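A closer look at the structure
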Amino acid sequence: MEKFVPVVVIKELSETDKILSALKKSGIFCAEITFRTPCARDAIEYACKNYPDMFIGAGTVINAQQCSAALDAGAQFIVSPGLSVSVAKICKEKNVPYYPGCVTPTEIMQALELGITTVKFFPANVYGGLKALKALSAPFPQVKFIPTGGVDRSNIDEFLAFDKVEAIGGSFFVKEAIEKMEEKSNG
């Protein structure tokens, strides 16, 4: 897993090159393409074929059908806003990492029962941020977290300094990468 997991929303397939190129130029070789748009599956397939040096996954996967479509398109990891047992089972069968959203002890225990030890902590800012992660780490020392939602440049270093943080997720990586690329082309 990369340290930074940009949450990428692709509204039109034609945006894929601009976004992924900008991320690569920023030194980020990972993208979680969300299943929030009609072209998500096609964008994942395109990204996997045209950016083989990047770790391309599917995000906002909320059911088995989306999971299967994402995996058929070539997704190398799956992320959900919550925990789906059916998605977990498919990912386990296919030997693909699954990072479900878990913010309570009960959800974390369910993930552990499914053999999952790295979970998305979403939305991090709403569920107590770093303070909550530290509290949850005490009873679950084997769990690593990917905080997403409310993580940005103002607090990213604090999250990264905590050894239970596997990676940071967020859409701000995409915004920054595109702004940086546009600055260079305009400057």
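Structure shown above.
Residues numbered from 1 in each chain as written. Predicted model: local features only at pLDDT ≥ 70, side-chain atom pairs only at ≥ 80, totals over all residues. Heavy atoms only, no water.

All right, on to the packing of aromatic side chains then. What characterises a pair of aromatic rings is the spacing of the ring centres plus the angle enclosed by the ring planes. A full pass over the atoms with the stated rule returns five aromatic pairs. Each member of the aromatic cluster is reached from another via a ring pair, and the members are Phe 4, Phe 172 and Phe 173. In this arrangement the basic side chain of Lys 120 is found over the ring face of Phe 122, its NZ or CZ atom lying 4.7 Å from the centre. (Phe/Tyr/Trp six-rings, centres within 6.5 Å; stacked < 30°, edge-to-face > 60°. Lys NZ or Arg CZ within 6 Å of the ring centre and 35° of its normal.)

With that settled, the discussion passes to unusual backbone geometry. With an omega of -15 degrees, the peptide bond between Phe 122 and Pro 123 qualifies as cis. Structurally, the position occupied by Pro 123 is in the loop between strand S6 (118-121) and helix H6 (129-137). The phi dihedral of Thr 60 is positive, around 55 degrees, even though this residue is not glycine. With respect to the secondary-structure elements, Thr 60 resides in the loop between strand S3 (55-59) and helix H3 (64-72). The phi dihedral of Asn 95 falls on the positive side, at around 60 degrees, and the residue is not glycine. Among the secondary structure elements, Asn 95 is positioned in the loop between helix H4 (85-94) and strand S5 (98-99). (Helix = DSSP H or I, 4+ residues; strand = E, 2+ residues; numbered from the N terminus.)

The next point concerns the nonpolar core. Membership of the largest hydrophobic core comes to 60 residues, with the highest contact counts inside it found for Leu 23, Ile 44, Ile 56 and Ile 78. A total of six residues in this core trace back to one element, the largest contributor, which is helix H8 (residues 172-186). Discounting residues that sit within four places of it in the chain, Ile 78 has contacts with Ala 58, Val 61, Cys 67, Ala 70, Leu 71, Val 87, Cys 91, Val 96, Pro 97, Tyr 98 and Tyr 99. (Core = buried A, V, L, I, M, F, W, Y, C linked by side-chain atoms within 4.5 Å. Buried < 20%, exposed > 50% of the residue type's maximum accessible area, 1.4 Å probe, protein only. Contact = heavy atoms within 4.5 Å.)

All told, the structure shown has one cavity of 30 Å³ or more when counted by the stated rule. Within this model, the largest cavity holds a volume of roughly 50 Å³. Considering only residue class, the lining of the largest cavity consists of six nonpolar, two polar and two charged. (1 Å grid on protein atoms, 1.4 Å probe; cavity = no way out; pocket = protein on both sides within 12 Å on 5 of 7 lines; lining within 4 Å. Points joined across faces, edges and corners; volume = space filled by probe spheres on them. Nonpolar A, V, L, I, M, F, W, Y, C, P; charged D, E, K, R; others polar.)

A few words now on helix H2 (residues 40-50). Every α-helical turn comprises 3.6 residues, leaving residues that sit three or four positions apart pointing alike. Turning to H2, its buried residues number three or more, namely Ala 40, Ala 43, Ile 44, Ala 47 and Cys 48. Take H2 and look down its axis: the buried residues cluster within an arc of 130 degrees, on one side only. Where H2 is buried, its residues contact helix H1 (15-25), strand S2 (30-34), S3 and H3. (Arc of directions from axis to C-beta.)

Here the focus is the packing of H1 against H8. One can describe the packing of H1 onto H8 by two numbers: an axis separation of 8 Å at closest approach and a directional angle of 85 degrees. By the angle between their axes, H1 is roughly perpendicular relative to H8. Along its contact with H1, which presents Lys 18, Ile 19, Ser 21, Ala 22, Leu 23 and Lys 25, the element H8 presents Phe 173, Val 174, Ala 177, Ile 178, Met 181 and Glu 182. Broken down by class, the residue content of the contact of H1 with H8 amounts to eight nonpolar, one polar and three charged. (Axes fitted to C-alpha atoms, helices over the stretch in contact; angles between N-to-C directions. Parallel < 35°, antiparallel > 145°, perpendicular 65-115°, else oblique.)

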